[in-house]
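Survey of secondary and tertiary structure
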Amino acid sequence: MNAVAYYSNTDESRLIAEYFSNELGFPLINIEKSGTLSYQSLVLVFPVHCQNIPEAVKKFLNKITVENLTAIATYGKMCHGNVLYEIQKKHGKTIVAAAYVPTKHSYIEYDSRFSDYEKLASIVNKVKNPTPVKLPSLYKNPLANIFPKWRSWLGLKIKRGANCDGCNTCKEVCSSSAIDYGITNQSCIRCLKCVNTCPKKALTVKMSLALNLYLKKKKLNKLIFYL
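Scope of this entry: the structure provided in the associated data block. (Residues numbered from 1 in each chain as written. Predicted model: local features only at pLDDT ≥ 70, side-chain atom pairs only at ≥ 80, totals over all residues. Heavy atoms only, no water.)

**Thoughts on the sheet that holds strand β1 (residues 2-6)**
Rules: Here, any two strands with at least 2 DSSP bridges between them count as paired. A helix here means a DSSP run of H or I that spans at least four residues, while a strand means a run of E at least two residues long, and both kinds are numbered starting from the N terminus. Helix axes are fitted to C-alpha atoms over the stretch in contact, other axes to C-alpha atoms as well, and angles between N-to-C directions run from 0 to 180 degrees. By definition in these notes, contact holds between two residues if any of their heavy atoms fall within 4.5 Å.
Taken in spatial order, the six strands line up as β2-β1-β3-β4-β5-β10 in an open sheet, and their pairing is mixed. For this open sheet the edge positions go to β2 (28-30) and β10 (224-226), each flanked by a neighbour on one side alone. Taken over all neighbouring pairs, the strand axes of this sheet differ in orientation by 20 degrees on average, direction set aside. Pairing analysis gives five bridges linking β1 to strand β3 (residues 38-47), with the strands arranged parallel. Its bridge partner being in β3, N2 is matched across the sheet by S41. Here helix α2 (residues 55-63) sits on the sheet in contact with β1, β3 and β4 (65-75), set at roughly 170 degrees to β3.

**Topic: the pattern of salt bridges**
We apply this condition: Here, a salt bridge means any Lys or Arg side-chain nitrogen found within 4 Å of an Asp or Glu carboxyl oxygen. Residue burial is assigned from relative accessible area. The probe radius is 1.4 Å, only protein chains are included, and a residue is buried under 20% of its type maximum, exposed over 50%, and partly exposed in between.
Counted by the stated rule, this structure contains eight salt bridges. One salt bridge connects R14 with D11, and the closest N-O pair in it is separated by 3.0 Å. Under the relative-accessibility criterion, R14 is labelled partly exposed at 21%. Residue E86 pairs with K140 through a salt bridge whose shortest N-O separation is 2.9 Å. Placement of E86 in helix α3 (residues 83-90) and of K140 in the loop between α4 (121-128) and α5 (148-155) is noted, with a sequence separation of 54 residues between them. The exposure classification of E86 matches that of K140, with both residues buried. Through salt bridges with shared partners, a single ionic network connects D11, R14 and E18.

**Things to note about unusual backbone geometry**
At D11, a residue that is not glycine, the phi angle is positive and equals roughly 80 degrees. Non-glycine residue R190 carries a positive phi angle of around 60 degrees. In this fold, R190 is placed in the loop between β8 (183-184) and α7 (193-197). Of the residues examined, R190 reaches a relative accessible area of 4% and is grouped as buried.

**Section: α2**
Spacing of three or four residues puts side chains on the same side of an α-helix, whose turn is 3.6 residues. Test applied: Directions are taken from the helix axis to each C-beta atom, and the arc is the one they span.
Of all the positions in α2, only V57, F60 and L61 are classed as buried. Burial along α2 is one-sided: seen end-on, the buried residues are contained in an arc of 95 degrees. In α2, those exposed residues whose orientation departs by more than 90 degrees from the buried face are K59 and N62. Structurally, α2 contributes buried residues whose contacts are with β1, β3, β4 and α3.

**Overview of the packing of aromatic side chains**
To keep things clear, this is the line we draw: By convention, a stacked pair of Phe, Tyr or Trp rings (six-membered ring in the case of Trp) has centres within 6.5 Å and planes under 30 degrees apart, an edge-to-face pair has planes over 60 apart, and any other such pair is tilted.
Following the criterion strictly, the structure yields five aromatic pairs and no others. Taken together, a centroid distance of 5.2 Å and an interplanar angle of 70 degrees make the contact between Y19 and F20 edge-to-face. Take Y19 and F20: they sit in the same class, and that class is buried. Judged by centre distance (6.4 Å) and plane angle (80 degrees), the ring pair of Y100 and Y226 falls under edge-to-face. On the criterion of sequence distance, the pair formed by Y100 in strand β5 (residues 95-102) and Y226 in strand β10 is long-range, its members being 126 residues apart. The buried category is assigned to Y100, whose relative accessible area is 1%.

**Details of the packing of helix α1 (residues 12-24) against α4**
We count it as follows: Should an angle lie under 35 degrees it is considered roughly parallel, over 145 roughly antiparallel, and from 65 to 115 roughly perpendicular; all remaining angles are considered oblique. If you view the pair so one helix is near and one far, a crossing is left-handed when the near helix is turned anticlockwise from the far one by less than a right angle, and right-handed when it is turned clockwise. Residues are grouped as follows: Ala, Val, Leu, Ile, Met, Phe, Trp, Tyr, Cys and Pro are nonpolar; Asp, Glu, Lys and Arg are charged; all remaining types, including Gly, are polar.
α4 packs onto α1 with a crossing angle of 50 degrees between their chain directions and a minimal axis gap of 11 Å. Viewed along their axes, α1 and α4 adopt a mutual orientation that is oblique. Taken as a pair, α1 and α4 cross one another with a handedness that is right-handed. For the pair α1 and α4, contact is made by Y19, F20, E23 and L24 and by A121, I123, V124, V127 and K128, respectively. Each residue belonging to the contact of α1 with α4 can be placed in one class, and the counts come to seven nonpolar, no polar and two charged.

Any functional reading would require information beyond the geometric quantities listed.
Quick look at the structure:
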C-alpha cells in the first residue's frame, strides 16, 4: 500500500500532507486512526515538538514496516533539531527523501503558514523514483531531551475561562488525553489544539517572559531538502 500519513495538532502538517496526497494520488491517513501496518511507499508529515519527534509519531514508526519512507518535518521557524536523522538512525527506516519545512509557529498568532508548495515538487518526483538517501546529523540543543514537557509547562499555561460551558470538546480533540473540561494534566504537550478548537474560545494561553523573548528571536524560515 502507498499512502501519505500525517500527525497534526494545528493543521499545519495536515495541509502539507494534503498537497502530497493530491500530487501523488496516495490516500491520506491520520496516523492516530491508521490500522495499516505495511507500506511500499509512505510520505510521513509531522511537526517537530521541542526539537523532538512527537511520541505519537514514534509509536507509529515502531509498529509499521515501510519499503520507501519520505519524512517531512514541519517546524515553527525556530530550531528544527535533528529529528530526520533520528528517524533514520533510531528507527531503522529506509528514507528516500526528507525535508524540514518552515510553517506557522503554534504560539505566534500572526505567523504565516507555508505556501510555497511548488518548491515541494522535487520531493514528489523523488517519491515516484525512490533511491535511498543518507541524512546528516544536525545541531540539536543539548537540553532538548531533558524534561521537554516540564519545560513546556513552565513556559506556557493553558487557562479555562468563565465562559466554558462544559462541552468537553477539548478532551475529544486532544491526542494526548491531557485535558478534561478545560483542565490540563501532566501529559499536556502544549500543542494548543484544544485552544484552537474550543467553540466558546474559553481557553487562553499565558506565556512566560522567557518564552516570549525566545519567540522574538530571528526566525530561520529555511526549507531544507534531502534528495
